[in-house]
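A structural walkthrough
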Amino acid sequence: MKPLLEVRDVTMRFGGLLAVSDLSFEVTPGHAHGIIGPNGAGKTTAFNIITGIYAPTAGDVLFRGESLAGQRPSNIARRGIARTFQNIRLFRDLTVLDNVRIASDAHARYALPGAMVQLPAARRAEQETITRCLDLLEKFGLGDAAYERAGDLSYGSQRRLEIARAMALQPALLLLDEPAAGMNSAETLKLVEFLGWLRDHFSVTMLLIEHHMQLVMTFCDRITVLDFGKTIAEGTAAEVRSNPKVIEAYLGPEDGHE
Amino acid sequence: MTRWLQYPPPRGVLLALLAAGLAACFAIEQFGLVDDYVRFVLITLGINIILCVSLNLVNGWMGEFSVGHAGFMALGAYLSACVSVKWLSWGNPLWMFPLAVIGGGLMAGAVGFLLGLLSFKTRGDYLAIITLAFLMIVKSGIENIPYVGGPRGFLGIDNHTTLLWTAIWTVLTLWTIRNLVYSRFGRGIVAVREDEIAANAMGVDTRKAKLTAFVVSSFFGGVAGALFAHQLQFINPSVFDLVKSTEILVMVYLGGVGSLAGSILGATAFTFLSQALQPLGTWRMVILPLLLVLLMIFRPRGIMGMREFSWFVPRREFPAKEEKK
């Protein structure tokens, strides 16, 4: 099958620091693809390159076979790549509904003058967006909180809202940056269940960064392991687990010192 | 955004109040129901509301800090004066004056577009400094154009700003900005304030959002300037200085950022307060800034900051009423 996302020889340099070096991987449609690696391995940098926040020093990112080079982040989002952030970035002062609505607005098609004089077409589009977003929130179990301030939600609900907001973009590819951050193992188990539901219900392809090994190993179809900005292994959970390079990166070399 | 009063009144009430208000303005003009001073203050109030709500779009809803609003006012004032005194003076004020006001707004909006471009790369303090520089450029620019009277000012403008025209423009401004704020474009502007990176990642073209905010804001700043010029009948560049900008800032932060009700409240409080303090002479300019300082300490978002009077909120924004069982 043609890959949905191709990262080709991407290098990212910040001054003297080489954050990502010759990174290449492919994400197959329908897969949940995990990226793991120790702190500072370049995982979040890779996300920021894919979503257009950083322009890579070298290399290219292809989505549905087309290069994303030079695209603004908002354009990449509209093309079908949505994301969450490692430290939740909600619009805290806005209502839960407005959070989702801002993403959903990417699909509303009415012009500024029409909005300013309240043409029927603009009003109808607004009403449709509200209905669509309330439905979406209902699916995510946030229906009752729709008119609450996003910043007032519990931590778990905020994480869920951030994913709901990303899904309001109706993306083909969902990027999750450490979805299990700050969760205990019971909560993480529930998260795995939730992610499974998300994948089946919306048939969305996922690319996720995670520290939580158990989550990645049980949930992901394919795993890329990074260390110092380089890919050191790629494959299924079983392949990665038995790869000596991975063991070395995580546990250190076998005899302790070389 | 929190709301005052849970539900808006039936649709008819607001329209009836509006019609009554406009009729009252018409009657006052037609039959001279109030003396000239009261009329002057009421017109000033309308102009201040336009200034306040339009600056609020940039400083409140978008969360930037522009101090250049008096510059847009100046552009609108001078261009409209050119239209009504020099270019179309033969025209019937009934169509000529609206044209002059719109012309003033368009002029200011076009320059606002350029300022919006600068806001792509600079934010916060730096943008404030740029708008300050813009204000100085406008002022000294006008001083060096003999065609509009240079530093001596522009004389002989007819008094076209009636109470009715002011009321119409005030309502029009509030209505369009309200419609904007509760549309996808308005939410984009608010998203820039809340978190620009997240806004971008959610498909909001933050550049377009910033341009929209600046252009609409400066357009109505220009409209207010046009009304102002045809109220005073004499304008000179030094009127549109930092003090004028500061006055508008006081209104915005007094009434409340990101709120239509706050804008009306702030402009009203400011207009009447500055009239009431008139006997104090120059001390007035000590008391008003002091008010701003106290405000920033005790209520940094203003009286109605981020809250809205529910009459101004479109019906669709309210949760559907629970069905009775």
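Residues numbered from 1 in each chain as written. Chains lettered and ligands numbered in written order. Predicted model: local features only at pLDDT ≥ 70, side-chain atom pairs only at ≥ 80, totals over all residues.

Description of the overall build of chain A
- Per the secondary structure count, chain A includes ten helices and ten strands.
- When the backbone C-alpha atoms are referred to their principal axes, chain A occupies close to 70 × 40 × 35 Å.
- A burial count over chain A gives 44% of its 258 residues as buried.
- In chain A, the proportion of contacts linking residues at least 24 apart, taken out of those at least 6 apart, comes to 68%. (Helix = DSSP H or I, 4+ residues; strand = E, 2+ residues; numbered from the N terminus. Buried ≥ 20, exposed ≤ 12 C-beta atoms within 10 Å, placed from the backbone. Contact = placed C-beta atoms within 7 Å.)

Focus: the overall build of chain B
- Within chain B, the regular secondary structure consists of twelve helices and two strands.
- Computed over its C-alpha atoms, the radius of gyration of chain B comes to 20 Å, within 12% of the 20 Å expected for a compact globule of 325 residues.
- Seen through its C-alpha atoms, chain B measures out along the principal axes to roughly 70 × 50 × 40 Å.
- Scored against the burial criterion, the 325 residues of chain B give a buried share of 48%. (Rg over C-alpha atoms; globule rule 2.2 N^0.38 Å.)

Describing the nonpolar core
- Ranked by internal contacts, the top residues of the largest apolar core, which has 165 residues, are Ala 164 of chain A together with Tyr 78 of chain B.
- It is helix H9 (residues 206–232) of chain B that contributes the most residues to this core, 13 residues altogether.
- There are two domains that each give this core at least three residues, and those are domain 1 (1–80 + 171–258) and domain 2 (93–168) of chain A.
- Apart from residues lying up to four places away in sequence, Tyr 78 of chain B is in contact with Ile 142, Val 148 and Phe 154 of chain B. (Core = buried A, V, L, I, M, F, W, Y, C linked by C-beta atoms within 7 Å. Domains from an automatic or database assignment.)

Things to note about the interface of chain A and chain B
- Contacts between the two partners involve 33 residues from chain A and, on the opposite side, 24 residues from chain B.
- Those elements that provide at least two residues to the side of chain A that touches chain B are helix H2 (73–79), helix H3 (96–104), helix H4 (112–116) and helix H5 (120–139) of chain A.

Some thoughts on the packing of helix H10 (residues 242–255) of chain B against helix H12 (residues 284–298) of chain B
Residue and element names in this part refer to chain B.
- Running from amino to carboxyl end, H10 crosses H12 at an angle of 35°, the nearest separation of the two axes being 10 Å. As H10 packs across H12, the resulting crossing turns out to be left-handed. Contacts from Val 250, Tyr 253 and Leu 254 of H10 reach H12 at Leu 288, Leu 291, Leu 292 and Leu 295.
- The residue makeup of the contact of H10 with H12, split by class, is seven nonpolar, no polar and no charged. (Axes fitted to C-alpha atoms, helices over the stretch in contact; angles between N-to-C directions. Left-handed = near helix turned anticlockwise from the far one by under 90°. Nonpolar A, V, L, I, M, F, W, Y, C, P; charged D, E, K, R; others polar.)

Quick look at the sheet that holds strand E2 (residues 17–27) of chain A
Residues and elements named next belong to chain A.
- Strand order in the open sheet formed by four strands is E2-E1-E4-E5, with antiparallel pairing between adjacent strands. Single-partner strands in this sheet number two, and they are E2 and strand E5 (66–67).
- Against the sheet, helix H1 (residues 43–50) touches strand E1 (5–14), E2 and strand E4 (58–63), its axis set at about 65° to E2. (Pairing = 2+ DSSP bridges.)

As for the sheet that holds strand E3 (residues 32–36) of chain A
All names here are of chain A.
- A sheet is described by the order of its strands in space; here six strands give the open sequence E6-E7-E8-E3-E9-E10, paired in mixed fashion. Of all the strands in the sheet, the pair left with one neighbour each is strand E6 (81–83) and strand E10 (230–235). Taking the axes of each pair of neighbouring strands and ignoring which way they run, one obtains an average angle of 20° across the sheet.
- Relative to strand E9 (residues 222–227), E3 runs parallel, the two sharing four bridges. The residue of E9 that forms the bridge with Ile 35 is Thr 224.

Some details on the packing of helix H2 (residues 36–61) of chain B against H10 of chain B
Residue and element names in this part refer to chain B.
- Between H2 and H10, the shortest axis-to-axis distance is 9 Å and the interhelical angle comes to 70°. Overall, the two elements H2 and H10 adopt an arrangement that is roughly perpendicular. Judged by residue contacts, Asn 48, Leu 51, Cys 52, Leu 55, Asn 56, Asn 59 and Gly 60 of H2 engage Ile 248, Met 251, Val 252 and Gly 255 from H10.
- Counted by class, the contact of H2 with H10 contains six nonpolar, five polar and no charged residues. (Parallel < 35°, antiparallel > 145°, perpendicular 65-115°, else oblique.)

Quick look at the pairing of E9 of chain A
Residues and elements named next belong to chain A.
- Most of E9 sits out of view: five of its six residues are buried.
- Pairing between E9 and E10: five bridges, direction antiparallel. By the bridge assignment, Ile 223 is partnered in E10 with Gly 235.
- Where E9 folds back onto E10 in an antiparallel hairpin, the turn is made up of two residues, including Phe 228, whose phi is positive at roughly 50°.

Description of the environment of Gly 305 of chain B
Residue and element names in this part refer to chain B.
- Position of Gly 305 among the secondary structure elements: in the loop between H12 and strand E2 (307–309).
- Since 17 C-beta atoms lie within 10 Å of it, Gly 305 is described here as partly exposed.
- Put simply, Gly 305 and Gln 275 are 30 residues apart on the chain and 24 Å apart in space, counted from C-alpha to C-alpha.

As for the domain arrangement of chain A
All names here are of chain A.
- For chain A, the assigned domains read domain 1 (1–80 + 171–258) and domain 2 (93–168).
- When each unit is reduced to the centre of its C-alpha atoms, the spacing between domain 1 and domain 2 is 28 Å.
- Each partner contributes to the interface: domain 1 provides eight residues, whereas domain 2 provides six residues.
- Going through the elements one at a time, H2 and helix H7 (185–202) are the ones with two or more residues in the side of domain 1 that touches domain 2.
- Here the side of domain 1 that touches domain 2 is composed, by residue class, of five nonpolar, one polar and two charged.

Observations concerning H7 of chain A
All names here are of chain A.
- Over its 18 residues, H7 runs 25 Å from end to end, which matches the ideal 26 Å to within 8%, given 1.5 Å per residue.
- Where H7 is buried, its residues contact helix H8 (213–219).
- Note on H7: the residue one or two positions beyond its end, Ser 203, has a positive phi of about 40°. (Expected span 1.5 Å × (residues − 1).)

With respect to the pairing of E4 of chain A
Residue and element names in this part refer to chain A.
- As judged from the five bridges shared by E1 and E4, these two strands associate in the antiparallel manner. What sits directly across from Leu 5, in E4, is Phe 63.
- Where E4 meets E5, two bridges bridge the pair, whose relative direction is antiparallel. Its bridge partner lying in E5, Leu 62 is registered against Ser 67.
- Here E4 folds back onto E5 in antiparallel fashion, the turn holding two residues, of which Arg 64 has a positive phi close to 50°.

Considering unusual backbone geometry
- For Asp 9 of chain A, which is not glycine, the phi torsion reads 45° and is therefore positive.
- For Gln 233 of chain B, which is not a glycine, the phi torsion comes out positive at approximately 70°.
- With respect to the helices and strands, Gln 233 of chain B occurs in the loop between H9 and H10.

Remarks on H2 of chain B
Residue and element names in this part refer to chain B.
- Its 26 residues place the ends of H2 36 Å apart at the C-alpha level, agreeing with the 38 Å of an ideal helix rising 1.5 Å per residue.
- Along H2, the largest kink reaches about 35° and is centred on Leu 55.
- The element H2 is extensively covered by neighbouring structure, given that 19 of its 26 residues are classed as buried.
- Phi for Gly 63, located one or two positions after H2, is positive at around 75°. (Bend = angle between axes of the 7 residues up to and from the residue.)

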